[in-house]
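# Structural overview
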Amino acid sequence: MSPNDSYQDKEDILSKTSIKEYIDKNWSECKKSGSGYKVLCPFHDDKSPSMHINDEKGLYHCFVCKAGGNLVQFIKEFKNLTYPETLEEISNFFNIKIPKKNYKPIGEIGLDKKMFDFNKKISLYFKRCLSDEQANLKPIKYLKSRGFSSQDIEENSLGFAPDSWDSITKMVQDKKELLNIALSLGLIIKKDGKEDFFDFFRNRIIFPIKNRQGNILGFAGRTIGDDKAKYINSKESEIFSKRKVLYGLGNFNKLNGRKPKYIFIVEGYTDVLMMNHFGLYNVVATMGTALTLEHANEIKKISNKVIICYDSDAAGIDSSFKNIDPLFQFGIEIFTLRLEDGLDPCSYLEKFGMDNFIQRAKKSNLIIDEYINYLKDKLIEKDLSINEVVDNFVSKIRFVQDYIQRDEFINKFSSSFSISKRKIESIIDNEFVKSEISSQKHNSNRLLGPEDIILKVFLEFIDSRDIGIMNKCSKIFNNIFHKEIIDIIKINPEAEASGVIGSIEEDATSSMLSDLVFTPFDIPNDRQLRGKLILDCIKRIELDSIKDLKRLINLRLSKDGELTDKDEKELLNELKDLIDREKQLQ
Ligand SMILES: [Zn+2]
């Protein structure tokens with residue numbers, strides 16, 4: 001729900017509704033399963049009911065596509081409604097009165113719209129500048145040289161920011177509100193300490209960056225002058241965050257609602273657009289950053305498979321491996337497509353055509369095969385020791401959710417390096433808290449880590465929410481989602497799980513939270529035992545972080561000749577302290 005509604009309002013509304021009833025009547029009948037219900041998931045191409053419903057808690061969760069949340073989130077996604085429209089739907093369906101004040105999109109929601117509108121206006125301006133072809137032969141020439149047709153330019157609203165310091169500044173400088181919006185979007189910049197402004201994008205080809213709804217979140221600008229920075233992006237704002245946005249999603253509507261079997265991840269803007277040019281719309285790129293969990297979450301909503309198609313040079317291969325962790329965490333299968341002769345997707349498509357490209361894509365390699373070969377090379381070249389190779393492999397593989405797949409990867413690895421499978425499995429097991437759930441053959445194969453277990457206890461047992469312990473958790477949790485959830489519980493210490501979910505603005509976080517609620521784990525009913533469980537988990541987290549630090553120090557110590565005696569002594573002291581702390585905890 002909107003963060004602006006009071007907590008009590010949200011609880012009131014949700015307590016008068018039944019998520020099961022809504023889904024029964026508006027989608028498909030929920031069937032009893034265990035203590036809850038199951039229904040076909042409307043958010044992915046579901047063959048057997050994968051969506052779990054807990055009507056008592058008012059929550060849903062799909063273990064396949066990770067959709068999850070409360071009734072408001074369900075309706076918003078299912079019917080593609082805005083927040084006020086969703087409240088209206090609830091009010092009508094359940095015949096309950098919802099105070100009018102809740103309808104109003106207030107605060108940030110209103111500001112978002114103003115920002116989208118302003119970006120749209122500026123995008124039209126950039127577009128006009130580009131179409132003024134006489135004056136701007138150079139940008140048009142560049143785009144044509146990259147293979148863009150006039151239709152591509154038009155459809156993607158490509159534009160041009162003129163070589164001027166004040167084209168946008170002039171538009172807004174006398175209008176206080178617009179000036180502030182332009183500033184917060186980073187389209188104009190304030191000169192140091194003065195009430196004086198200048199344009200951010202100058203002499204650049206402009207690529208508007210859109211979300212799936214088609215709103216413009218920000219821009220990318222490619223220089224056509226001799227600026228050292230080839231590409232620059234709008235600055236981070238309320239509506240634009242590089243760690244969340246994927247370039248290319250704005251064109252997914254051209255798939256006409258079809259769920260693609262896989263999504264291509266390519267290196268840059270022009271790769272996306274050229275693949276679009278050849279009729280492939282299931283393509284995204286990050287904006288010069290590594291792929292994040294938020295990106296993986298966006299991808300997971302659309303498909304379970306990705307094909308990474310980066311350059312075949314060492315840099316391209318390295319960056320494709322960086323994508324493994326977040327994608328595996330969301331249970332996404334990863335393939336890589338390395339094109340011959342250093343061709344990128346555009347040049348390959350131009351040379352061999354789309355059918356050939358698709359055939360080639362179907363023969364993509366599993367990324368794990370490439371990764372094992374890569375580790376082999378590193379071992380042979382003595383860049384990595386065998387222990388580091390195992391560590392590297394385990395750190396990736398521990399995120400693979402599918403047990404059969406994980407087993408297959410471990411088999412491959414153990415035969416490539418002649419290390420026993422048992423050994424690798426025991427290392428992986430050590431990374432998790434030993435728990436009963438693996439034997440409980442449920443729909444979730446996820447093993448809960450210590451952070452997960454703590455959060456699950458806090459979510460389900462309000463009387464376990466000790467503020468001192470929660471503060472400690474905020475400090476020691478490593479993962480941003482875990483941190484975010486604990487912070488929300490701290491603010492709403494009386495909220496039930498569905499209320500906590502309602503206060504979350506990030507899809508990725510609410511999905512992770514509903515996953516936690518629906519992943520089975522036996523929490524003791526006795527309050528004291530629960531307290532003990534939490535303390536055990538905290539100890540586990542602390543021990544793990546000591547283990548990581550020790551590994552790091554040992555790694556540095558193992559690099560002979562690179563350390564001065566003083567450094568070495570300091571490291572040994574640190575190591576000794578860590579070992580002492582470890583002993584105290586154990
Ligand atoms: Zn689903």
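Residues numbered from 1 in each chain as written. Predicted model: local features only at pLDDT ≥ 70, side-chain atom pairs only at ≥ 80, totals over all residues. Heavy atoms only, no water.

## Remarks on the pairing of strand β9 (residues 204–210)
- Among the seven residues of β9, six are classified as buried, and the element is accordingly described as predominantly covered.
- The sheet contact formed by strand β6 (residues 159–161) and β9 spans three bridges and is antiparallel. By the bridge assignment for β9, Phe-160 is matched with Ile-205.
- Strand direction decides the pairing type here: β9 and strand β10 (residues 216–223), joined by seven bridges, are antiparallel. Among the inter-strand pairings, Arg-204 is bridged to a residue of β10, identified as Thr-223. (Buried < 20%, exposed > 50% of the residue type's maximum accessible area, 1.4 Å probe, protein only. Helix = DSSP H or I, 4+ residues; strand = E, 2+ residues; numbered from the N terminus. Pairing = 2+ DSSP bridges.)

## A few points about the coordination of the zinc ion
- Bound to the zinc ion are the protein donor atoms Cys-41 (SG), His-44 (ND1), Cys-62 (SG) and Cys-65 (SG), situated 2.1 to 2.3 Å from the metal.
- Of note is the zinc ion, whose four donor atoms meet at the metal with angles of 103 to 113° in an arrangement that counts as tetrahedral.
- Here the donor residues for the zinc ion map to a single chain with the spacing C-x2-H-x17-C-x2-C. Assigned by exposure class, Cys-62 and Cys-65 land together as buried. (Donors = N, O, S within 2.8 Å, 3.2 Å for Na, K, Ca; no water. Tetrahedral: all angles 85-135°; square planar, octahedral: opposite > 155°, others 65-115°.)

## As for the sheet that holds β10
- An order of β6-β9-β10-β11 is seen for the four strands of this open sheet, with the pairing classed as antiparallel. Looking at the sheet topology across the chains shown, the edges are occupied by β6 and β11 (231–233). Strand-to-strand twist of the sheet, defined as the mean angle between neighbouring strand axes without regard to direction, takes the value 35°.
- Against the sheet, helix α6 (residues 137–145) engages β6, β9, β10 and β11, with an angle of about 60° to β9. (Axes fitted to C-alpha atoms, helices over the stretch in contact; angles between N-to-C directions. Contact = heavy atoms within 4.5 Å.)

## Some points on the domain arrangement of the protein chain
- Along its sequence, the protein chain is carved into domain 1 (7–102), domain 2 (108–233), domain 3 (249–363), domain 4 (370–431) and domain 5 (541–585).
- Put simply, the middle of domain 4 and the middle of domain 5, counted by C-alpha atoms, are 24 Å apart. (Domains from an automatic or database assignment.)

## So, the packing of helix α21 (residues 480–491) against helix α23 (residues 507–518)
- It is the contact of α21 with α23, at a shortest axis distance of 10 Å, that shows an interaxial angle of 80°. Classified by the interaxial angle, the pair formed by α21 and α23 is roughly perpendicular. Contact residues: α21 offers Phe-481, His-482, Glu-484 and Ile-485, while α23 offers Ala-508, Thr-509, Met-512 and Leu-513.
- By residue class, the composition of the contact of α21 with α23 is five nonpolar, two polar and one charged. (Parallel < 35°, antiparallel > 145°, perpendicular 65-115°, else oblique. Nonpolar A, V, L, I, M, F, W, Y, C, P; charged D, E, K, R; others polar.)

## Structural notes on the packing of aromatic side chains
- One pass over the full model with this rule turns up 28 aromatic pairs.
- Aromatic side chains Tyr-231 and Tyr-269 sit 5.2 Å apart centroid to centroid with 40° between the ring planes, which places their arrangement in the tilted category. Of this pair, Tyr-231 sits in strand β11 while Tyr-269 sits in helix α10 (residues 269–277); the two residues are 38 residues apart in sequence, bridging distant segments of the chain.
- Here Tyr-231 falls in the partly exposed class, since its relative accessible area comes to 30%.
- For Tyr-269, a relative accessible area of 7% translates into the label buried. (Phe/Tyr/Trp six-rings, centres within 6.5 Å; stacked < 30°, edge-to-face > 60°.)

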